[in-house]
Amino acid sequence: MEDRCFESSDSVIKYLKNDEDLIIDNHDMQMQKYDVKQIIAEKPDYLQIVNLKKFRSFKKDSIEADSEEIMEKKWKEYDSEFKIFNDKFSKQFTFSNQQKIDNIQYAFGRNQLGFWLCKIENEKPSAYFLGLSFSHYYINDVQEKPIINNGFLELEGSFVKVVKVPGLPGYDDYSAIEDGKLFKIKLDDLIKDSDNDGYNDIFENSFGLNPHNKDSDGDGTDDFNDLNPMFKSENNKFSQLYEMLLPDYGDENLRDNNYFFQVFISDCDYFHQIKPEYHVLFIPEDLKLRTQYQEITDVSLHGVGKIKKNKNNSNIFYIKEWGTSSSTDYSAEYKNGKWILEIVGGYVI
Ligand SMILES: [Ca+2]
Ligand SMILES: [Ca+2]
Ligand SMILES: [Ca+2]
């Protein structure tokens, strides 16, 4: 645990440098050159890909230049068009491509983790993770044909690659590798939830949960309702420190947002033991321990680093927390059973 949670050196400069290296490593992983062949070779088994003769290009679909007024009008239309989805799913997804079949309403949903099929049946919302990485797959915003057809989810789109914007970690741009694809997934495969805990198998496999156990970490709470489904929460000094450094959403109650997650890349046991106020997932630091989805998809928007000890005072520590556009260094003093945090550095882009 010592290695996984604590920095070995106590030079602040070295500490900062290590952290930047970590961020750069994660970006390098994204920069791996994938071509069409490789994407197809590594595609999930349940995915079928059909080449379309007539199609809407990535360029047309994604970067059609609109004036601000048109954009505003579009957003207003969006609000009314997807009102029932926004109501039922709170604001956990951006929706498109709505479809009604008998008394079931479907829409395609996107969030920080990736792509989902959202369904409302008898007033009850459910979402099914597609497991298709936005690093490789682009799904068109506009699609003339219905997304549900003959027992399949059918989505038009393109193969893409991520282009990192230099100097702006977290700001991704995309370019198309090949347009005119129809991505097909059998609804039975997509909806399959072997342990019946509310998360489909594809989601659990993509993020390292157990698709055959309702309670992956064995803490007595089902994965779907467990805010920290991968690890048992424990109340100790250092888990408290990590809790204090989590992104703060104020009084907003996100507990019932079962499809909203903060994802952290960390192997630190104390970090894993947090008791958060919203759903969290962890990704292993070791690339070899990641799932195929995690290997190619950058879903972590926030991070908290390792703990650095002060050589002269065993109650003083240093720790860094970062988001997509800022990074903050803290000194943390443990005094009378409480942490006192003080900002000692950082940057904002
Ligand atoms: Ca499940
Ligand atoms: Ca499960
Ligand atoms: Ca659990």
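## Some words on helix α5 (residues 68–81)
Counted at 1.5 Å a residue, the expected span for α5 with its 14 residues is 20 Å, and the 20 Å between its end C-alpha atoms agrees. For α5, a buried count of zero out of 14 residues is recorded, marking the element as mostly open to its surroundings.

## A look at the confidence of the model for the protein
In the predicted model, the protein carries a mean pLDDT of 91, and 91% of its residues have values of at least 70. Under a pLDDT of 50 for its full length, residues 11–17 has, in the predicted model, six contacts with residues more than four places off or in other chains.

## Brief notes about the domain arrangement of the protein
Domain annotation of the protein identifies domain 1 (2–29 + 227–348) and domain 2 (32–191). Just the C-alpha atoms count here: the centres of domain 1 and domain 2 sit 30 Å apart. Contacts between the two partners involve 14 residues from domain 1, matched on the other side by 17 residues from domain 2. Sorting the residues of the side of domain 1 that touches domain 2 by element identifies α2 (12–31) and α11 (292–296) as the ones contributing at least two each. Among the elements that line the side of domain 1 that touches domain 2, the one with the most residues is α2, at three residues. Of the residues assigned to the side of domain 1 that touches domain 2, the class counts are nine nonpolar, five polar and no charged.

## With respect to helix α9 (residues 237–244)
Side chains of residues three or four places apart in an α-helix project in the same direction, reflecting 3.6 residues per turn. All of the buried residues along α9 are Phe238, Leu241 and Tyr242. Taken end-on, α9 shows its buried residues confined to a sector of 95°, consistent with a single buried face. Tucked inside the fold, the buried residues of α9 contact α1 (2–5), α10 (269–272), β12 (303–304), β14 (316–322), β15 (326–335) and β16 (338–348).

## As for the sheet that holds strand β4 (residues 114–121)
Across the sheet, four strands lie side by side as β2-β3-β4-β5; this open sheet has antiparallel pairing. Two strands bound the open sheet, and with one partner strand each, they are β2 (94–101) and β5 (124–129). For this sheet, the mean angle separating the axes of adjacent strands, direction not counted, is 20°. Bridge count for β2 against strand β3 (residues 104–111) is six bridges, and the pairing is antiparallel. Bridging across to β3, Lys100 finds its partner in Gln105.

## Here we look at unusual backbone geometry
Even without being a glycine, Glu123 presents a positive backbone phi close to 75°. Among the structural elements, Glu123 can be located in the loop between β4 and β5. In this model, Asn336 sits at a positive phi of 50°, which is unusual for a non-glycine residue. Positionally, Asn336 belongs in the loop between β15 and β16. Look at Asn336 and you get exposed, because 5 C-beta atoms sit within 10 Å.

Rules of the game
- Residues numbered from 1 in each chain as written.
- Chains lettered and ligands numbered in written order.
- Predicted model: local features only at pLDDT ≥ 70, side-chain atom pairs only at ≥ 80, totals over all residues.
- Helix = DSSP H or I, 4+ residues; strand = E, 2+ residues; numbered from the N terminus.
- Expected span 1.5 Å × (residues − 1).
- Buried ≥ 20, exposed ≤ 12 C-beta atoms within 10 Å, placed from the backbone.
- pLDDT = per-residue confidence, 0-100.
- Contact = placed C-beta atoms within 7 Å.
- Domains from an automatic or database assignment.
- Nonpolar A, V, L, I, M, F, W, Y, C, P; charged D, E, K, R; others polar.
- Arc of directions from axis to C-beta.
- Pairing = 2+ DSSP bridges.
- Axes fitted to C-alpha atoms, helices over the stretch in contact; angles between N-to-C directions.

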